[in-house]
2 protein chains.
Amino acid sequence: MYQPFDVDTIIDYVRQHPEALKHLDTAGQLEAVEVGDGNLNLVFKVFDRTTDRSLLIKQALPYVRAAGPSWPMPAERAGFEARALALEYECAPGLVPEPYWFDEVLMLNAMENLVDHRVIRFPMMEGKRYRDLGATIGDFLARTLYATSDFALDAADKREIMKGFFNVELCRITEDLVFTEPYLPDAPRNRWNPRIDADVADFQADEHLKSQAAALKYRFMNASQALIHGDLHTGSIMANDHDIRVIDPEFAFFGPMGFDIGAFIGNLFLSGASHEIHSPDPEQRRSYRRYLIDEAKAAWSTFEAGFRERLADVSSPSWTSQPFQDEFIASVLRDTAGYAGCKMLRRIVGFAHVADLDSIEDLDERARAERIAIRIGRRLVSEHAQVASFDDIVAIAAEALEVHDG
Amino acid sequence: MYQPFDVDTIIDYVRQHPEALKHLDTAGQLEAVEVGDGNLNLVFKVFDRTTDRSLLIKQALPYVRAAGPSWPMPAERAGFEARALALEYECAPGLVPEPYWFDEVLMLNAMENLVDHRVIRFPMMEGKRYRDLGATIGDFLARTLYATSDFALDAADKREIMKGFFNVELCRITEDLVFTEPYLPDAPRNRWNPRIDADVADFQADEHLKSQAAALKYRFMNASQALIHGDLHTGSIMANDHDIRVIDPEFAFFGPMGFDIGAFIGNLFLSGASHEIHSPDPEQRRSYRRYLIDEAKAAWSTFEAGFRERLADVSSPSWTSQPFQDEFIASVLRDTAGYAGCKMLRRIVGFAHVADLDSIEDLDERARAERIAIRIGRRLVSEHAQVASFDDIVAIAAEALEVHDG
């Protein structure tokens with residue numbers, strides 16, 4: 001029967017689980033800590049002090065942790081995470097935690113514990129640079145998105161996999177929180193810094209912006225291009241100085257590829273905006289923002305190169321046409337721009353914010369950073385259908401972030 | 001256990017089926033005829049001579065009837081037809097046969113027998129005009145496509161319905177026969193009139209055309225907009241002088257709306273091309289072609305008006321933006337043009353042809369008609385992304401059909 005664990009009961013569970021033996025001395029001295037900092041789940045790290053090994057257990061709660069039992073959320077989402085992590089691990093081993101087992105009764109996933117990795121959002125607030133961050137994420141995306149698309153899979157195999165990813169409840173969270181509520185003046189879950197009231201009113205009155213956000217929402221709901229991670233912000237990436245991993249694919253479903261790339265890039269730009277305050281020194285600020293833009297560029301160019309390289313060997317004659325491939329990549333780029341913008345705006349006006357901005361305690365200072373992010377987000381959403389190269393995206397970000405080359 | 005019926009065994013089946021009593025005097029004098037003329041199924045009409053009532057039974061064979069047992073095709077497709085017909089009947093009663101029962105063991109659908117209706121393709125070869133044909137089909141499409149889209153359904157309800165429509169094998173037929181093989185010089189199932197060898201070679205070498213056909217195929221496989229009929233040619237419409245019904249939804253799945261509208265319109269244009277020979281009198285020919293173009297216009301305008309009328313009452317605030325709605329309709333129009341073109345070309349070069357053209361025995365005459373259809377089909381596929389109003393589609397057809405107003 002399902003029951004949420006605590007740091008004591010999780011140890012009993014691990015001791016009794018046959019799979020755990022492969023990763024821990026389950027008869028030894030075990031110790032557990034709960035480290036969940038996200039919106040949805042319990043996360044336990046279980047250490048074996050005898051052999052100094054460990055594993056991580058992520059258990060879904062039947063409600064949204066950040067909101068409490070009044071916002072129910074089926075614990076079945078752990079199954080989506082299990083299936084997505086297994087596929088990602090197959091396509092991109094070394095870029096995600098190794099999955100150990102999935103318990104469909106207790107709705108938990110046991111996996112590799114990333115011992116000295118940290119969620120990158122927080123170090124990035126202090127100006128931390130990760131070598132090859134963009135290239136690694138671009139590589140992850142080229143691998144996972146290509147492998148689960150019609151270019152790699154037979155239509156029957158793809159539809160068979162799709163049956164495991166009718167992730168209705170978590171898609172609804174995205175539909176509501178990312179695409180719908182931020183554009184509604186009276187959505188009760190919205191919250192924002194009172195210092196930007198006028199900015200919010202202004203964008204919520206922008207009919208063109210709203211029509212473009214609606215088109216992006218419609219595509220999110222209707223373009224089953226590939227198994228996307230679905231929540232690829234900088235809180236879903238963990239790293240140390242020589243290793244980068246993508247975590248938390250519980251939002252995974254078959255959707256538009258650009259949603260993942262856009263989520264990552266949008267979060268780099270959010271970080272860039274927050275350094276308006278986090279980096280008071282103008283030279284340091286400019287330099288870090290240049291780093292962020294370079295990583296965004298690297299993410300796209302690595303994704304594009306990796307995807308094109310795989311497309312060059314595509315087996316179905318339908319997809320070998322070069323103009324078709326070019327137009328396909330161009331459409332993913334347009335989506336990338338639009339989704340990056342949506343993901344930025346929802347973090348300032350919607351229910352779930354980001355620490356990059358919300359950690360800025362002075363509301364006037366925070367508003368300065370938020371206005372920069374709003375400017376980028378609005379332009380990316382409004383102009384996404386006209387974006388013709390990644391330089392167009394860079395130009396929009398660079399203008400607001402005041403990073404100019406040459 | 002599954003077994004294919006014949007005209008004797010079907011009567012025993014009907015006599016014993018409890019549902020049949022509602023529609024026939026099952027103890028009376030029953031008579032059956034097999035009338036299947038399609039590519040896939042057995043179709044029995046069972047008459048009750050005592051009360052002069054009847055019903056129709058469509059049984060799926062486990063292979064493609066037109067090809068024989070060497071081309072297996074799961075009989076489970078009868079289930080897709082049953083679910084699709086039930087939904088269509090709910091959205092558009094009076095525009096489809098009334099479903100009576102579905103037998104999931106014997107893979108058959110029992111339904112209303114349309115006593116004096118004929119498949120419209122054949123009378124149209126003789127110049128038959130059906131009053132309100134286009135408007136009726138446009139109404140059917142507005143009703144069924146809107147009701148199964150994200151505009152009418154909650155995302156969870158839509159995905160629940162989608163689970164019943166992973167119509168992999170029949171989608172594969174469309175993917176292969178409509179979008180892939182006609183563009184390949186060496187696809188073994190292709191066949192065409194030897195008199196148009198040069199025309200076929202020319203279009204199979206057209207890189208722009210092939211890239212656009214690939215894009216339309218990709219959209220067919222990835223745009224889960226609504227439950228589409230999936231095979232809405234003039235062989236899937238039956239009518240008498242005062243009643244029009246859409247039949248045979250076994251290809252139904254969640255796909256792009258424009259595929260249905262395009263299939264209908266493309267088949268009107270195929271008919272128009274065939275009248276190059278069927279109507280030797282120039283005035284008569286011009287008049288019938290004008291009728292066909294008017295019906296195509298009526299189909300689109302009725303669909304658009306009906307869809308917009310429903311959209312005006314859409315409940316989710318995401319979809320109320322007028323520019324969003326306009327752009328959505330515009331995208332369905334572009335798809336309509338492209339799919340109309342694909343459906344025309346595949347009937348001349350692919351595996352399955354249409355009687356409109358294949359009934360023309362003289363190969364040189366047939367080639368004259370086919371070249372007209374190829375001209376329209378190529379332009380619709382090549383130029384579909386630039387189509388901005390239905391007049392653009394009409395202009396392409398009217399030019400090749402030599403119908404000019406004024």
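Rules used throughout
Each residue is numbered by its place in its chain's sequence as written, counting from 1. Throughout, the order in which chains and ligands are written sets their labels, letters from A for the former and numbers from 1 for the latter. With the structure being a predicted model, the display of local features is reserved for residues of pLDDT at least 70 and the display and counting of side-chain atom pairs for 80 or more, all residues being used for whole-chain, interface and lining totals. Remark: hydrogens and water are excluded; side-chain values derive from all non-hydrogen atoms of the structure. Note on contacts: a residue pair qualifies if any of its non-hydrogen atoms lie within 4.5 Å across the two residues. Once two parts are put together, the accessible area they lose, assessed with a 1.4 Å probe and summed over both, is termed the buried area. Here, a salt bridge means any side-chain nitrogen of Lys or Arg that lies within 4 Å of a carboxyl oxygen of Asp or Glu. For the purposes of these results, a polar contact is taken to be a pair of N or O atoms within 3.5 Å, where, inside protein, one atom must be able to donate a hydrogen and its partner to accept one; residues adjacent in sequence count only when each atom of the pair is a side-chain atom. Domain boundaries shown here were taken from an automatic or database domain assignment. For the purposes of this entry, the term helix denotes a DSSP run of H or I that reaches at least four residues, the term strand denotes a run of E that reaches at least two, and both are numbered from the N terminus. Classification convention: Asp, Glu, Lys, Arg as charged; Ala, Val, Leu, Ile, Met, Phe, Trp, Tyr, Cys, Pro as nonpolar; all other residues, Gly among them, as polar. Least squares is used to superpose the copies, and the fit set is the C-alpha atoms of residues whose pLDDT is at least 70 in both copies. Think of a nonpolar core as a cluster: buried Ala, Val, Leu, Ile, Met, Phe, Trp, Tyr and Cys residues, connected wherever their side-chain atoms sit within 4.5 Å. Buried, partly exposed and exposed residues are distinguished by accessible area as a fraction of the type maximum, computed with a 1.4 Å probe on protein chains only: under 20%, between the cut-offs, and over 50%, respectively. Think of a 1 Å grid over the protein atoms and nothing else: a 1.4 Å probe that fits but is trapped marks a cavity, an open set flanked by protein within 12 Å on at least five of seven lines marks a pocket, and residues with an atom within 4 Å of a point count as lining. Grid points are joined across faces, edges and corners, and a volume is the space filled by probe spheres set on the points.

Contacts between the two partners involve 37 residues from chain A and, on the opposite side, 37 residues from chain B. In total, about 3200 Å² of surface goes out of reach between chain A and chain B, with carbon and sulfur atoms giving 63% of it. On the chain A side of the contact with chain B, Arg159, Phe166 and Tyr218 of chain A bury the most area, a combined 24% of that side's loss. Counting across the chain A and chain B interface gives four salt bridges. Our count for the chain A to chain B interface comes out at twelve residue pairs in polar contact (both at pLDDT 80 or more).

This next bit is on the domain arrangement of chain A. When the parts of a complex come together, some accessible area is lost, and that lost area is often used as the size of the interface. Residues and elements named next belong to chain A. Looking at the assigned domains, one finds that chain A contains domain 1 (9-111) and domain 2 (118-401). Each of domain 1 and domain 2 has a C-alpha centre, and these two points are 27 Å apart. Facing 23 residues of domain 1, the contacting portion of domain 2 comprises 31 residues. Both faces combined, the contact of domain 1 with domain 2 buries some 2200 Å², and carbon together with sulfur accounts for 70% of it. When the area that domain 1 buries against domain 2 is broken down by residue, the three leading residues are Trp71, Phe80 and Leu95, summing to 28%. Run the count over domain 1 and domain 2 and you get three salt bridges. Ionic pairing is found between Lys58 and Glu250, a salt bridge with its closest N-O pair at 3.4 Å. Viewed at the interface, domain 2 and domain 1 are joined by eight residue pairs in polar contact (both at pLDDT 80 or more). Looking at the side of domain 1 that touches domain 2 element by element, the count peaks at nine residues for helix α2 (residues 77-91). Residue composition of the side of domain 1 that touches domain 2, by class: 13 nonpolar, three polar and seven charged.

With that settled, the discussion passes to the relation of the copies chain A and chain B. Least-squares fitting of chain A to chain B yields an RMSD of 0.0 Å, with the superposition described by an axial translation of 0.0 Å and a rotation of 180°. Such a combination of turn and shift is consistent with a two-fold rotation axis. Ranked by how close their C-alpha atoms come to the rotation axis, the residues of chain A are headed by Ala223 of chain A, at 2.5 Å. Comparing contact sets, 100% of the residues at the interface of chain A also lie at the interface in chain B, consistent with an isologous, same-surface contact.

The tendency in soluble globular proteins is for nonpolar side chains to be buried as a group. If you look at the biggest cluster of nonpolar residues, it comprises 196 residues, and the most contacted ones within it are Leu133 of chain A together with Leu133 of chain B. Residues in contact with Leu133 of chain A, not counting those within four places in the same chain, are Ile120, Met124, Ile237, Ile244, Phe264, Leu268, Tyr291 and Glu295 of chain A.

Once that is clear, we can look at the side chain of Arg289 of chain A. Note on placement: Arg289 of chain A falls in helix α10 (residues 282-311). By relative accessible area, Arg289 of chain A is classed as buried at 1%.

Considering only enclosed or pocket space, the largest pocket measures out at about 1400 Å³ in volume. Lining the largest pocket are 40 residues, and of these Arg219, Glu327 and Arg334 of chain A together with Arg219 and Arg334 of chain B lie nearest its centre. Contributions of two or more residues to the lining of the largest pocket are made by α8 (207-222) and α11 (322-349) of chain A together with α8 (207-222) and α11 (322-349) of chain B. Per-element tally for the lining of the largest pocket: the top contributor is α8 of chain A, with eight residues. Within the lining of the largest pocket, the residues separate by chemical class into 16 nonpolar, 16 polar and eight charged.

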